[in-house]
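Breakdown of the fold
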Amino acid sequence: NAGVTQTPKFRILKIGQSMTLQCTQDMNHNYMYWYRQDPGMGLKLIYYSVGAGITDKGEVPNGYNVSRSTTEDFPLRLELAAPSQTSVYFCASSYSGKGGYTFGSGTRLTVV
Amino acid sequence: EDQVTQSPEALRLQEGESSSLNCSYTVSGLRGLFWYRQDPGKGPEFLFTLYSAGEEKEKERLKATLTKKESFLHITAPKPEDSATYLCAVVGDSGGYQKVTFGIGTKLQVIP
């Protein structure tokens, strides 16, 4: 099983550029999440989805957008990248939505 | 607001030297407390879920316990491969299961 696959692993963006972080899971999980992890801070929830076609904001959604057209895919879109979006981004999924997430290996994004 | 405080921030142990990591939490109506392991450059890996005070879970050299105010992750006779950052997270009644509060983690180094 591949689990949760994130691409790319690394990316450098210039201020104002846009990009999409890809996330795919092969476990048929309904619940999917996007987190960011910054040094000295706990993981922060950006957006989540409880199933195809359903998404909702997390704690830090500003500057991001998501879509969920299939159960497998949950891409995160960054519009007009800013230095504050420099972070490591993790996608996660869950069968029950009650914790015990499976995380991807992350995307390290630098905005310069 | 739910809060999680992990201590110590970093811990260095000799191989075979048992110790404990602490996770203190403040939450309104605990629904679950989670422990994850995170290796450098990787996403968190789920270890345990604890639901109520007095509950214990074990996996190899790791044992997690829970009281009404804190959780401990006991590491018995650690090996160098146990070196990682250990994250604690809680879910409470406010905000539902999507509102997971993560701690910053304890970075454990086990020296041969």
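Preceding this section is the structure that the text describes.
Note that the structure is predicted; figures quoted are calculated from it, not measured.

Cut-off values and rules
Residues numbered from 1 in each chain as written. Chains lettered and ligands numbered in written order. Predicted model: local features only at pLDDT ≥ 70, side-chain atom pairs only at ≥ 80, totals over all residues. Heavy atoms only, no water. Helix = DSSP H or I, 4+ residues; strand = E, 2+ residues; numbered from the N terminus. Buried < 20%, exposed > 50% of the residue type's maximum accessible area, 1.4 Å probe, protein only. Areas by Shrake-Rupley, 256 points an atom, 1.4 Å probe, with all protein chains shown as cover. Lys, Arg positive; Asp, Glu negative; His and termini not counted. Charge placed at Lys NZ, Arg CZ, Asp CG, Glu CD. Pairing = 2+ DSSP bridges. Axes fitted to C-alpha atoms, helices over the stretch in contact; angles between N-to-C directions. Core = buried A, V, L, I, M, F, W, Y, C linked by side-chain atoms within 4.5 Å. Contact = heavy atoms within 4.5 Å. Phe/Tyr/Trp six-rings, centres within 6.5 Å; stacked < 30°, edge-to-face > 60°.

This part covers the overall build of chain A. The secondary structure content of chain A amounts to zero helices and eleven strands. What you see in chain A, going N to C, is helices and strands ordered as β-β-β-β-β-β-β-β-β-β-β. Principal-axis analysis of the C-alpha atoms places the extent of chain A at approximately 35 × 30 × 25 Å. Per-residue burial for chain A yields a buried fraction of 45% across its 112 residues. Here chain A has roughly 5,300 Å² of accessible surface; of this, 51% comes from carbon and sulfur atoms. The centroid of the 10 positive side-chain charges in chain A is displaced by 7 Å from the centroid of its 7 negative side-chain charges.

With that settled, consider the sheet that holds strand 3 (residues 19-25) of chain A. Residue and element names in this part refer to chain A. What the four strands build is an open sheet, ordered 1-3-8-7; its pairing is antiparallel. The sheet is open, and its two borders are formed by strand 1 (4-7) and strand 7 (64-66), each paired with just one other strand. Averaged over all neighbouring strand pairs, the angle between strand axes comes to 20°, with direction disregarded. With three bridges joining them, strand 3 and strand 8 (residues 76-78) adopt antiparallel strand pairing.

Quick look at the nonpolar core now. Residues and elements named next belong to chain B. Counting residues in each nonpolar core, the largest one holds 23 residues, and the members touching the most others are Leu33, Trp35, Leu73 and Tyr86. Looking at this core, the elements that each hand over two or more residues are strand 2 (10-14), strand 3 (19-26), strand 4 (30-38), strand 5 (45-50), strand 7 (62-66), strand 8 (70-75), strand 9 (84-92) and strand 11 (106-111). The leading source of residues in this core is strand 9, at four residues. Beyond its immediate stretch of four places on either side in the chain, leucine 33 contacts Cys23, Tyr25, Phe48, Thr49, Leu50, Leu66, Ser71, Cys88, Ala89 and Val90.

We now examine the packing of aromatic side chains. All names here are of chain A. On inspection of all chains with the given rule, the structure shows eleven aromatic pairs over all chains. Ring centres of tyrosine 64 and tyrosine 89 lie 5.8 Å apart, and the angle between their planes is 65°; on these two criteria the pair is classed as edge-to-face. One end of the pair, tyrosine 64, is in strand 7; the other, tyrosine 89, is in strand 9 (residues 87-94), and 25 residues separate them in sequence. In this structure, tyrosine 64 and tyrosine 89 share a single accessibility class: buried.

Moving on: the sheet that holds strand 1 (residues 3-7) of chain B. Strands belonging to one sheet form pairs held by backbone hydrogen bonds; the direction of such a pair is parallel or antiparallel. Residues and elements named next belong to chain B. The antiparallel open sheet is built from five strands, whose spatial order is 1-3-8-7-6. Only two strands of the sheet have a single partner each, and these edge strands are strand 1 and strand 6 (56-59). Taken over all neighbouring pairs, the strand axes of this sheet differ in orientation by 15° on average, direction set aside. Judged from the five bridges that link them, strand 7 and strand 8 form a sheet pairing that is antiparallel. The partner of lysine 63 across the bridge, within strand 8, is histidine 74.

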